[in-house]
Amino acid sequence: QGPLAQAPAPGFVPGPPRPGDFERREGGPERTGAPPPDPPPAAAMTTVLAAEAVGAATAAARGAFNYNRANFMFDAGMRWARFNTGYGQAMGQVSQYREDIRDLTEFTVTKADTYHTVGTICFVLNFQTIMAGRLGVHGPAPPGWIMGMYWTNICSALMFLVTFTWMAMHSGARANAGAAYMLTRNVRLPIPTPKMLDEARMTGNEFEKQRVLDVFRIPFIAPAPKDSIEDPESGQRVQTGERRMPRWYHDEVSELRKDEGGAAPSPTSNPEHFELYRGLQEEWWCYDVYARIGILFFFSHWLAAISLYSMCHVFCELRCLWPAWTVVAMFSTAQYNILQLDIVAPKEGSRMPPMEKVVPFVPFLAVAGMSIDYSVLDPHPFWVGCIYTLGWLGYIIYFLWALRMFDLASPKFEEERPEVPGQAWTPTEWPLPPAFRNAVYLISAPKRLEPGQTCLLQEMKAAKGEQGNKVPQKRAREVQPAMLPWKLFRGALITTCSMWVLIMFGRGFEQLNGERFLLKQEGRVERWPSHMQPWMAPWTRKGSRQETCHAGGCDRRLSSDEVSSTAQRLIATLAPLVQAFDAQNERHVEPIAPKLKSAQVSWPASFSPSLLASRGDEVLALDRATGRGGLLHLVGTAPAGVAEFVLQGVEGELLGAAWDNAGLVLTLANGAIAECAGLPADGSWSCIRSAVAPALPTGLVAAVVGRDATGKLRAAVVYDGDDSVTLLDAHSEAWLPAGEVHVPGAKSLTHGPQLSLTGLAKELLIATADGAVHRRPLVLGGGDPKKVALAGPAGSAKKWHTACSFGADRVAHLASHHGATPELFVSA
């Protein structure tokens, strides 16, 4: 029996061996006939049994300990997993709640955006019929009885257009603001805090803190305690059911699922975000509803107005009969269709007849009256009475329709209808116009969940047991409906009714006093409601009848033959005067220009300059072809020596040169611009191509580029075949036009002018082929244009080149003979 059986019991004293013991042990089974041993004493047996019981209890306790510890560790893992799973599912459901807010808001905002688009297009259409396409522009105005109908309808349409556009703007903006408020404050993801995560986590040594009965509980023999909650009044735990769970489970319930102030879900409970959002919808649902109704009323008036407008255009300007009837039929059908689609006639409670079934056909009354009014019938009181009767029927129907619109748009409280998929639903707290129940497409947040659905967030916040049912459910705020949009819309409806009352009063006054007799009109010819035939203008300035009024021929001051012939005679008389003034300008007295004298310059051998530039009293003479140059210092007309130099880095023929304190700017025939800094040194002047100036255009016969007072480059060019000088300013990548300068007598010259610029490009010198030099200021305040050098003698064989200005308004001009040395002329 193991170690316990082999060890002697305490207090046991073995006796001496008895005869036969050893023999039995040695003989074994062969000595079966030996007598049995004596039983041990009672004390020894008790000790043995006690030892065996202790061993069994120890084994049982160890097994119970291991069993309960395994359960504890398993439940600890399940506790952590359940905590994360619960919050994960709750966050997923709250994400769905946020999508609910966005979907409900997007539904309203999308409608508002659509209304804005429709309103923008309709603004253009409405103003086109009022302003650009107004009646009476291209011909006589229609009769007053139909113009009253047209203008009241088109102005009412504009009023409802502005109203529904602004209400749509408010509904979309308020819905977005409400959604942003809820998404940033109320409907947030239930993310556990670090403290909650620490409470949900359990370590293995926490098993040591459990109750002894839970640590050594024997399954099926010692049952766990029943599920219970703490009574807030007595502070004791009260059993709530038959479910038996370990004590650490009850601790988990009290620690992780304690009361957070929420109400326990019930069959009638609703997620809080639905309740809060329905309360927020009080801010904009009324704007949404009356924006939609405003669209219908706008199109009703606009279709009526455009039907009247079209028939007036056909009768007054196109002079047709049957197209007017076809136009009216199409627009009236469209108006009837939209009214029947949007309006649901209430079965009871209506105070007005269903005028929506009659008002679309008023234009037929108008077109019948216009057909009589514009017919070939002779004026007769009977026909006049027929026209006015048709007109008054139209006015009365339109006035009744205005009252009917007020009745249809009035809000009323109704019983709450069951929710039907695909149809609009609103709570009973919202007073809606019953006639537009199916047209407003307004969807509110639901008041209860569908069967089988639950709100995990409410379950997480709810207390256990009966305590949670005592906490009130969060509901939408109880406020009076925001009926400001209805009050504004009601004002628009009252205005429409008032307009019809006023226009009917005006029609009665016109019939009694005479058509349009309150207005001052020249050459009045009284007629019956419209125009007598043959067709003529309503009135003209001289009482004449004009038969070609279409396309603006009627009553125009320049349309008569008398005015046209007078204008032709006036043009013939003024033409010689204009020619005489032009000739006088060409023969103006030339100002006395200074005479030029030869400077007696000794040029270097083989040096033939043809280009001049100056700075102060110094003059540069350049050879266009070779790039050789000479520097002169002129004092009066005394002979001057020439300091010869060669331009380095310049390739190509030169067209112009400008010299200032910053250096020399050269213009090449290929359009390139070169800059030479400083002064010549050791017989050479280094030049480089400008990095800031773009190339000039090609096809130039003369050009010069210089710097202005700001350091920017300015060019004066003459294009091939042009008789004027074009001024260009350099920009980053191109030359932009800056002006144009006239060349005197350019058409009579055989060769193009030569150009040069003074310092800072303040003046342009134009040297013409006849030897004259003209000064043209290029800046404000630069003086008047004038000739600064006289032309050469007639028949002179000199070829004049460029001129330049130096000193105090002195001019140097270069000329050459065929095969002779060039000669420099300067002013005294």
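Owing to the predicted nature of the structure, the values given are computational and were not obtained by experimental measurement. (Residues numbered from 1 in each chain as written. Predicted model: local features only at pLDDT ≥ 70, side-chain atom pairs only at ≥ 80, totals over all residues. Heavy atoms only, no water.)

(A) Here's a closer look at the overall build of the protein chain. Along the protein chain, the regular secondary structure elements total 16 helices and 23 strands. Taken across its 828 residues, the protein chain has 42% of its residues classed as buried. When contacts within the protein chain are restricted to residue pairs at least 6 apart in sequence, those whose partners lie at least 24 apart make up 62%. For the protein chain, the exposed area adds up to about 45000 Å²; of that, 59% sits on carbon and sulfur atoms. (Helix = DSSP H or I, 4+ residues; strand = E, 2+ residues; numbered from the N terminus. Buried < 20%, exposed > 50% of the residue type's maximum accessible area, 1.4 Å probe, protein only. Contact = heavy atoms within 4.5 Å. Areas by Shrake-Rupley, 256 points an atom, 1.4 Å probe, with all protein chains shown as cover.)

(B) Focus on the sheet that holds strand E14 (residues 713-719). Read from one edge to the other, the open sheet built from four strands follows the order E13-E14-E15-E16, with strand pairing classed as antiparallel. What marks the edges here is a single partner per strand, and that holds for strand E13 (700-707) and strand E16 (735-742). On average, adjacent strands in this sheet sit at an angle of 25 degrees to one another, irrespective of strand direction. (Pairing = 2+ DSSP bridges. Axes fitted to C-alpha atoms, helices over the stretch in contact; angles between N-to-C directions.)

(C) Spatial organisation of the pattern of salt bridges. One pass over the full model with this rule turns up 14 salt bridges. The residue Arg174 makes a salt bridge to Glu283 at a minimum N-O spacing of 3.5 Å. Taken together, the residues Arg174 in helix H4 (residues 144-185) and Glu283 in the loop between helix H8 (272-280) and helix H9 (285-318) connect sequence positions 109 residues apart. Taking the relative accessible area as the measure of exposure, Arg174 reaches 30% and is therefore partly exposed. Glu675 is paired through a salt bridge with Arg707; the nearest N and O atoms lie 2.2 Å apart. A residue pair is termed long-range when its members are at least 10 positions apart, and Glu675 in strand E10 (residues 673-677) and Arg707 in strand E13 qualify at 32 residues. A relative accessible area of 22% places Glu675 in the partly exposed class. (Salt bridge = Lys/Arg side-chain N within 4 Å of Asp/Glu carboxyl O.)

(D) Looking closely at the packing of helix H12 (residues 381-409) against helix H15 (residues 484-513). At a closest axis distance of 10 Å, the pairing of H12 and H15 adopts a crossing angle of 165 degrees. When the interaxial angle is binned, H12 and H15 end up roughly antiparallel. Regarding H12 and H15, the two cross each other, and that crossing is left-handed. Considered class by class, the residues forming the contact of H12 with H15 number 20 nonpolar, three polar and two charged. (Parallel < 35°, antiparallel > 145°, perpendicular 65-115°, else oblique. Left-handed = near helix turned anticlockwise from the far one by under 90°. Nonpolar A, V, L, I, M, F, W, Y, C, P; charged D, E, K, R; others polar.)

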